[in-house]
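Spelled out from the first residue to the last, the chains are:
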Amino acid sequence: MHKRCATDVAIAPDRMGWVAPGYGAAWVALWLAGYQLHLATGFGLWYPAAGLTFAILLECGGRALVLPVLASLLVNALIWPWAAWPYYLAASLLPSFGYLGAALVLRTYSDGHGPTRLKDLRRVAAFLGVAAGAALFSALVSAYLFGAADLLPAQAPAWTVVFSWWIGELVGVVTLAPLLLVHGTPWIQRLRQRLPPSQSSPWRIIVRSCLAARPLLFQLALSVGLLALLFWLPNYFSQTPPQPFIALLWLPVLVWIVITQGVRGAVWAILGFELILIAIFLIFGQAEWVWQYQVVMAVVAILGLIMAAFFHEQSYNTVLFRDLAEISNDLLWEFDADGSLRTLRGYLAETIRLHAGTAGANWLRLSSASASLKRRTRIGCMMPWTLIDSASS
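None of the values given here were measured: they were computed from a predicted structure. (Residues numbered from 1 in each chain as written. Predicted model: local features only at pLDDT ≥ 70, side-chain atom pairs only at ≥ 80, totals over all residues. Heavy atoms only, no water.)

**With respect to a nonpolar patch on the surface**
Definition in use: Residues enter a patch when their relative accessible area is above 30% and they make no salt bridge; the linking distance is 9 Å between like charges and 5 Å between nonpolar side chains (Val, Leu, Ile, Met, Phe, Trp, Tyr). The Shrake-Rupley method, run with a 1.4 Å probe, gives the accessible areas here. Residue values count only the displayed protein chains as cover. Any carboxyl oxygen of Asp or Glu that lies within 4 Å of a side-chain nitrogen of Lys or Arg is treated as forming a salt bridge with it. The helix count covers DSSP runs of H or I at least four residues long, the strand count covers runs of E at least two residues long, and both are numbered beginning at the N terminus.
Taken together, Trp82, Trp85, Leu89, Leu93 and Phe97 make up a surface patch of nonpolar side chains, about 570 Å² in accessible area. In this structure, Trp85 sits in helix α5 (residues 85-109).

**Considering the environment of Val66**
Within the secondary structure layout, Val66 lies in helix α4 (residues 66-76). When the C-alpha positions of Val66 and Ser96 are compared, they lie 9.3 Å apart, and in sequence the two are 30 residues distant.

**Comments concerning the side chain of Glu274**
Convention followed: We call a residue buried when its accessible area falls under 20% of the maximum for its residue type, exposed when it is over 50%, and partly exposed in between, using a 1.4 Å probe and counting protein chains only. Just so you know, the count uses Lys and Arg for positive and Asp and Glu for negative, and it drops His and the chain ends.
By the element assignment, Glu274 lies in helix α11 (residues 251-284). One buried charged residue, Glu274, forms no salt bridge at all, with the nearest opposite charge on Arg264 at 19 Å.

**Overview of the packing of α4 against α5**
Quick note on the threshold: Note on definitions: angles span 0 to 180 degrees between N-to-C directions of axes, and those axes are lines fitted to C-alpha atoms, for helices only across the stretch in contact. Rotating anticlockwise by less than a right angle from the far helix to the near helix defines a left-handed crossing, while the corresponding clockwise rotation defines a right-handed one. When checking whether two residues touch, look at their non-hydrogen atoms; a contact exists if any pair is within 4.5 Å. Three classes are used: nonpolar for Ala, Val, Leu, Ile, Met, Phe, Trp, Tyr, Cys and Pro, charged for Asp, Glu, Lys and Arg, and polar for all others, with Gly counted as polar.
Between α4 and α5, whose axes approach to 9 Å, the crossing angle comes to 150°. You can see that α4 and α5 cross each other, and the crossing is right-handed. On the side of α4, the interface is formed by Pro68, Val69, Ser72, Leu73 and Asn76, while α5 contributes Tyr88, Leu89, Ala91, Ser92, Leu93 and Ser96. Residue classes in the contact of α4 with α5 are distributed as seven nonpolar, four polar and no charged.

**What to know about the side chain of Thr175**
Just so we agree on the cut-off: Any N or O atom pair separated by 3.5 Å or less is treated as a polar contact, with the protein-specific requirement of one donor-capable and one acceptor-capable atom, and with residues adjacent in sequence counted only for side-chain atom pairs.
Counting through the fold element by element, Thr175 comes out in helix α7 (residues 158-189). At 2.6 Å, the side chain of Thr175 forms a polar contact with the backbone oxygen of Val171. Ignoring sequence-local partners within four residues, the contact set of Thr175 consists of Trp46, Ile270, Leu271, Glu274 and Ala301.

**Points about the packing of α5 against helix α6 (residues 121-148)**
Quick reminder of the rule: In what follows, roughly perpendicular refers to angles from 65 to 115 degrees, roughly parallel to angles under 35, roughly antiparallel to angles over 145, and oblique to any angle outside these ranges.
Two numbers describe how α5 lies on α6: the axes approach to 9 Å, and their chain directions differ by 165°. Between α5 and α6, the interaxial angle falls into the category roughly antiparallel. The chirality of how α5 crosses α6 is right-handed. Counting all contacts with α5, which are made through Tyr87, Ala90, Ala91, Leu94, Pro95, Gly98, Tyr99, Ala102, Val105, Leu106 and Tyr109, the residues of α6 involved are Arg122, Ala126, Phe127, Val130, Ala134, Ala135, Phe137, Ser138, Val141, Ser142, Leu145 and Ala148. A class-by-class count of the residues in the contact of α5 with α6 yields 19 nonpolar, three polar and one charged.

**Brief notes about the confidence of the model for the protein chain**
Note the cut-off: Residue-level confidence of the predictor is summarised by pLDDT, bounded by 0 at the bottom and 100 at the top.
Confidence along the protein chain averages 76 in pLDDT terms, with 67% of residues attaining 70 or more. In the predicted structure, residues 7-16 sits below a pLDDT of 50 and forms 23 contacts with residues beyond four places in sequence or in another chain. In the model, residues 373-393 has pLDDT below 50 throughout and makes 31 contacts with residues more than four positions away in sequence or in other chains.

**Some details on the nonpolar core**
The cut-off we apply is this: Working definition of a nonpolar core: buried Ala, Val, Leu, Ile, Met, Phe, Trp, Tyr and Cys residues. They are joined through side-chain atoms within 4.5 Å.
Within the largest apolar cluster, 80 residues are counted, with the highest numbers of intra-cluster contacts made by Phe54, Phe127 and Trp250. The element best represented in this core is α11, accounting for 17 residues. When sequence neighbours within four positions are dropped, the list of residues in contact with Trp250 reads Ser223, Leu226, Leu227, Ile257, Ala269, Phe273 and Val300. Membership of the second largest hydrophobic core comes to 14 residues, among which are Ala84, Ala91, Ala139 and Val161.

**Here's the deal with the packing of aromatic side chains**
Let me state the cut-off plainly: Centres within 6.5 Å are what make two rings of Phe, Tyr or Trp a pair, Trp counting through its six-membered ring; a difference in plane orientation under 30 degrees is then read as stacked, over 60 as edge-to-face, and the rest as tilted.
In the structure shown here, the tally under the stated rule is 13 aromatic pairs. Taking 5.5 Å as the distance between ring centres and 75° as the angle between the ring planes, the aromatic pair formed by Phe310 and Phe311 counts as edge-to-face. Residue class for Phe311 comes out partly exposed when judged on its relative accessible area of 30%. One aromatic cluster in this structure is built from Tyr47, Trp80, Phe146 and Trp165.

**A closer look at the environment of Val224**
For Val224, the location among the structural elements is in helix α10 (residues 214-237). Look at Val224 and you get partly exposed, because its relative accessible area is 43%. In this structure the C-alpha to C-alpha distance between Val224 and Ile276, which are 52 residues apart in sequence, comes to 7.0 Å.

**Focus on the pattern of salt bridges**
Applying the stated criterion across every chain yields a total of one salt bridge. For Asp120, the salt bridge is made with Arg123, and the minimal N-O distance between the two is 3.9 Å. Here the two residues Asp120 and Arg123 agree in accessibility, since each one is buried.

**Side note on α11**
Convention followed: Helix span, expected: 1.5 Å multiplied by one less than the number of residues in the helix. Given a residue, its bend is the angle between the two axes fitted to the seven residues that end at it and to the seven that start from it.
The end-to-end C-alpha distance of α11, which contains 34 residues, comes to just 21 Å, noticeably less than the 50 Å that a straight helix rising 1.5 Å per residue would cover. Its maximal kink placed at Gly262, α11 deviates by approximately 135°.

Pasting the structure below:
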């Protein structure tokens, strides 16, 4: 049984009317941004509309296919000649169907229990693998159709076009789809609730979100300054264009953001990094280095999602183990690396009498006390509270 789509008809009718037009307008705006970037650089550096397509198909499945298809038909009409209308239709339909197939695979893999919850390594690995396959399919189909319609540069080798297109699509998916799924889906789901005007005001929500995200905003501002400094210093002192791979020095900051902000902060940090790197490429970059910039963008986005899932999984498992241990044990004790008793919790720890010398007692002291007590009482096994009483006496 599949989970419901965030844009289902369960949303209040008076709030549903703008969802589909808003999605279409956002898709067209992102496509135009990627197309203008392509015209400015001569390469498909980034295709953010692919991330928007994959996000809504992951969330809603085949019922939402009409939205990216209609948006694609609209924007492709701007660049395709009418004489090549069969290629135009194929280029507008096939990539969306490829992303639909990938989304259905992920939805089936998760058994309908939230393919968008990218908070463990298994789901993130599945998301990245399926996204890479869908992006490759879209790149192959689009490059073939554009080449058949004579819309590709004659001097560009086919494999370079496919590779650049693939990385651009992959970066768009890995950057935007997790952000929309982590932040956009819960926000749209709130539309189902009929809140008072004072609580549902967009400006009030924006102000409240910004106030709550002040630490993240500081970290993002620090990231902007660090990346600008990394690329400005080589250009200032040696008068040579900076190498794209110098941006990987930002990874420790990404780890800091992931540890302190979790998955919700990581997706914003990844988007901010991609936008900063695109701006740096437009200022300092050279056309022959576009692949290096694309590789850096893809590596940082993929590593960011993996690290966010890893740290979330570790912290969740730690909390779960502590909670499980506390509710399933009458007495729970913990020693540090020096062998000293750190904590003593549980029902028995509260009910039995603990002497003042128990806290901080070394396990060797407890062991020797246990051996002495065993010799005196000739008992083959001891319960933990007897060790505590004997060590404290």
